[in-house]
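What follows is the residue order along each chain.
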Amino acid sequence: VTSSSAVDASTLTVCALLIVLVPFAPAGLALINTGFGRARGAAYAMLSSLTATAIAAVVYCFFGFSWEGFPGRPANLILLGGKPWDWISRGPFLLRGLAFNDSPATLAMLLQVFTVSLAALIPVSTGADRWRLRSLGISTALLAGWTYPLFAHWVWGGGWLAQLGSNFGLGDGFLDAGGAGAVQVLGGLSALSIAWILGPRRGKYLADGGPAAFPGHNIVYVLFGCALIVPGWIGLNAAGSILFAGAAPSRIALIAVNTLLSASASCLTAMAGTRFRFGKPDASLCANGWLGGLVASSAVCCFVTPMVAIFVGLVAGALVTIAVEVLEVHLTVDDPGGAISVHAVAGIWGLLAVGIFPHILAIRGSLPSGVESGSGQLLAQVVGVATLLGLMLPMAYGLNWLLNRIDPQRVAPRGERLGMDMHELGGGAYPEFVVHRED
Amino acid sequence: MKLAGLLLLPAGWGIVISALSLFPQAGLRWGFVLAGLCIEAGGLILAFLGARYPKEAAE
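Parameters and conventions
- Residues numbered from 1 in each chain as written.
- Chains lettered and ligands numbered in written order.
- Predicted model: local features only at pLDDT ≥ 70, side-chain atom pairs only at ≥ 80, totals over all residues.
- Heavy atoms only, no water.
- Helix = DSSP H or I, 4+ residues; strand = E, 2+ residues; numbered from the N terminus.
- Rg over C-alpha atoms; globule rule 2.2 N^0.38 Å.
- Lys, Arg positive; Asp, Glu negative; His and termini not counted.
- Charge placed at Lys NZ, Arg CZ, Asp CG, Glu CD.
- pLDDT = per-residue confidence, 0-100.
- Contact = heavy atoms within 4.5 Å.
- 1 Å grid on protein atoms, 1.4 Å probe; cavity = no way out; pocket = protein on both sides within 12 Å on 5 of 7 lines; lining within 4 Å.
- Points joined across faces, edges and corners; volume = space filled by probe spheres on them.
- Nonpolar A, V, L, I, M, F, W, Y, C, P; charged D, E, K, R; others polar.
- Phe/Tyr/Trp six-rings, centres within 6.5 Å; stacked < 30°, edge-to-face > 60°.
- Buried area = accessible area lost by both parts, 1.4 Å probe.
- Salt bridge = Lys/Arg side-chain N within 4 Å of Asp/Glu carboxyl O.
- Polar contact = N/O pair within 3.5 Å; in protein donor to acceptor, adjacent residues only side chain to side chain.
- Patch = residues over 30% accessible without salt bridge, like charges linked within 9 Å, V, L, I, M, F, W, Y side chains within 5 Å.
- Areas by Shrake-Rupley, 256 points an atom, 1.4 Å probe, with all protein chains shown as cover.
- Buried < 20%, exposed > 50% of the residue type's maximum accessible area, 1.4 Å probe, protein only.
- Pairing = 2+ DSSP bridges.
- Expected span 1.5 Å × (residues − 1).
- Arc of directions from axis to C-beta.
- Disulfide = S-S within 2.5 Å.

Counting its secondary structure elements, chain A contains 16 helices and 2 strands. The C-alpha radius of gyration of chain A comes to 21 Å, within 12% of the 22 Å expected for a compact globule of 439 residues. Taken along the three principal axes of its C-alpha coordinates, chain A extends 75 × 50 × 40 Å. For chain A, the distance from the average site of its 22 positive side-chain charges to the average site of its 21 negative ones is 5 Å.

Next up, the structure:
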């Protein structure tokens, strides 16, 4: 987080206004999750998204922010190889010690109440139609109270990943302006651990090993969610860039354009790819492409030119469409909304792109003196990605595995047959929508 | 197999972190970081293969 002395009051006002836009992102994602699920679980999907949002916000404010902290707050350090490794903050619980004023730390907390909810919604999509509400709530609490704050501290709270530049001369340290790593990849890897623990939906894989098609029940929800999510994403990328990457408010137009261009290029790539493969564009994969472009843009939004943003989006769209097929067909990972491909795969690409295009720091006008060129920045990004895959994925899986041993996370077979609406809520989303025997 | 894969992931990360502390030279550092990443990739492949849905359980 940028220190308060370095940011003037008008910048912080702009930042606060941008943060107000961010709730559109979880709202859009909730609608997308619902559209990708089955009709008999639509009300449950929307309620589970709301539950995850609520639990994430409360738990983050209770515990999460104290462990995440912000630069300048007391932190626990480990001395390793003669260098201090800042690994967790030592702030008091319940937001005590935080002055509720227009300081960057307060705005960072406010922004992250929404981003932690966004991260929590990603596994909800993967666990659709088979994840019990109680287990979903506890798993969300673990994500918002421990996994997310830990990684967010390392990246945004002045932790060891942010200090890779000052401690080891790796560019500007690990850069993640809009939360591609701390929000998207972390949420995507949590979704992967949930997919492994829950297993596929009943009937998803046939006796020959191939997957059965379970199309989303309402693609209009999905596509409208894609449109709804855009202002939220622009707010997230712009506010994150100001607070966590020190971008000037004059860059907001560039950030907004980059966000939209990356999403557009990614969507068009998915459209062209599916048109080429299947003869017609696939609406759900186009939606995944759009989201994948947004996710990748979160990493690069304030660092690159619009042309580079288009290139990042093109690659993200190709990666997402390939990853959806590989995961579903070859690796038998049942991910109804393609959340793992969209958030983890595209997010990792975006994070690496920050290091691949070294001129970004020059565009930002802040190439630190005495710091080597882009190879150091690329190494910092690689270390960040390695940390997400090598430490955060096993941690998310381990916590959810333990939870599953104590309280099985998957709904009983009867519940899956009946539908999550009837089983968990006792009523459906579309009570007048009845299928007759003769139909 | 899944457990082995999940154990390889932090092992690879340990190599990546060790490379930062032990090797100030860019070449060696890059080499060991990439080696750690390769181990993580191997762990991820093993974990995916170990978590594959068994054909006999399919309907």
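Any segment with low pLDDT has predicted coordinates that should not be analysed in fine detail. Per-chain confidence: chain A averages 90 in pLDDT, with 93% of residues scoring 70 or above. Below a pLDDT of 50 lies the segment residues 367–372 of chain A, which in the model reaches 5 contacts outside its immediate sequence neighbourhood of four places, other chains included.

On to empty space enclosed by the protein. All names here are of chain A. Counted by the stated rule, this structure contains 4 cavities of 30 Å³ or more. Size it by volume and the largest cavity reaches roughly 110 Å³. Forming the boundary of the largest cavity are 13 residues, of which Ser-139, Thr-140, Leu-143, Ser-190 and Asn-400 lie nearest the centre. Put simply, the parts of the chain that give the lining of the largest cavity at least two residues each are helix 4 (104–126), helix 5 (133–156), helix 7 (180–198) and helix 14 (374–406). The dominant element in the lining of the largest cavity, judged by the number of residues it contributes, is helix 5, at 5 residues. Across the lining of the largest cavity, the residue classes tally to 8 nonpolar, 5 polar and no charged. In terms of lining residues, the second largest cavity is bounded by Asn-33, Gly-41, Tyr-44, Ala-45, Ser-48, Val-124, Ser-125, Gly-127, Ala-128, Asp-129, Trp-131 and Leu-136. For the lining of the second largest cavity, the leading source of residues is helix 3 (residues 42–68), giving 3 residues.

Here we take up the packing of aromatic side chains. Residue and element names in this part refer to chain A. Enumeration over the complete set of coordinates arrives at 19 aromatic pairs over all chains. Consider the rings of Trp-67 and Trp-146, whose centres lie 5.5 Å apart with planes at 85 degrees: the pair is edge-to-face. Within this pair, whereas Trp-67 is found in helix 3, its partner Trp-146 is found in helix 5, the two being separated by 79 residues in sequence. Relative to Phe-168, the ring of Trp-85 has its centre 5.5 Å away and its plane inclined at 55 degrees; by these criteria the two rings are tilted. Taken together, the residues span a long stretch of sequence, with Trp-85 in strand 2 (residues 83–89) and Phe-168 in helix 6 (residues 164–168) at a distance of 83 residues.

Turning to the interface of chain B and chain A, a few remarks are in order. How big an interface is tends to be stated in terms of the accessible area lost upon association of its parts. Taken together, the 23 residues of chain B in the interface contact 35 residues of chain A. Overall, the association of chain B and chain A removes approximately 2,700 Å² of surface from exposure, summing both partners, and the carbon and sulfur fraction of that is 73%. Our enumeration of links across chain B and chain A arrives at 0 salt bridges. Our enumeration of links across chain B and chain A arrives at 6 residue pairs in polar contact (both at pLDDT 80 or more).

On the surface, a nonpolar cluster with roughly 440 Å² of combined accessible area is contributed by Val-58, Phe-62, Phe-63, Phe-93 and Leu-94 of chain A. Relative accessible area serves as the criterion here: at 34%, Phe-93 of chain A is assigned to the partly exposed category.

This brings us to the pairing of strand 1 (residues 75–80) of chain A. With 6 bridges connecting them, strand 1 of chain A and strand 2 of chain A associate as antiparallel partners. Bridge assignment links Asn-76 of chain A to a residue of strand 2 of chain A, and that residue is Ile-88 of chain A.

Reported here for the largest pocket is a volume of approximately 720 Å³. What lines the largest pocket is a set of 32 residues, and nearest its centre among them are Asp-282, Ser-284, Leu-285, Val-324 and Glu-328 of chain A. If you tally residues by element for the lining of the largest pocket, the top one is helix 11 (residues 306–330) of chain A, at 8 residues. Taken together, 21 residues line the second largest pocket, and the ones lying closest to its centre are Ala-344, Val-345 and Ile-348 of chain A together with Leu-44 and Phe-48 of chain B. Listed by contribution, the elements that provide at least two residues to the lining of the second largest pocket are helix 7, helix 11, helix 12 (339–356) and helix 14 of chain A together with helix 2 (26–50) of chain B. At 6 residues, helix 12 of chain A tops the list of elements feeding residues into the lining of the second largest pocket. Split into classes, the residues belonging to the lining of the second largest pocket amount to 20 nonpolar, no polar and 1 charged.

Take helix 1 (residues 9–21) of chain A next. Each α-helix turn comprises 3.6 residues. Residues three or four places apart therefore point the same way. All names here are of chain A. Taking 1.5 Å of rise per residue, 13 residues should cover 18 Å, and helix 1 covers 19 Å from first to last C-alpha, within 8% of that figure. If you check which residues of helix 1 are buried, you get Thr-11, Leu-12, Cys-15, Leu-18 and Ile-19. For helix 1, the angular spread of buried residues about the axis comes to 115 degrees, placing them on one side. Along helix 1, exposed side chains directed more than 90 degrees from the buried face belong to Leu-17 and Val-20. Buried residues along helix 1 sit in contact with helix 4, helix 8 (219–245) and helix 9 (252–278).

The next thing to look at is the state of the cysteines. Residues and elements named next belong to chain A. Applying the stated criterion across every chain yields a total of 0 disulfides over all chains. This cysteine, Cys-226, is not joined by any disulfide, and Cys-267 carries the nearest cysteine sulfur, 7.6 Å off. For Cys-226, a relative accessible area of 5% translates into the label buried.

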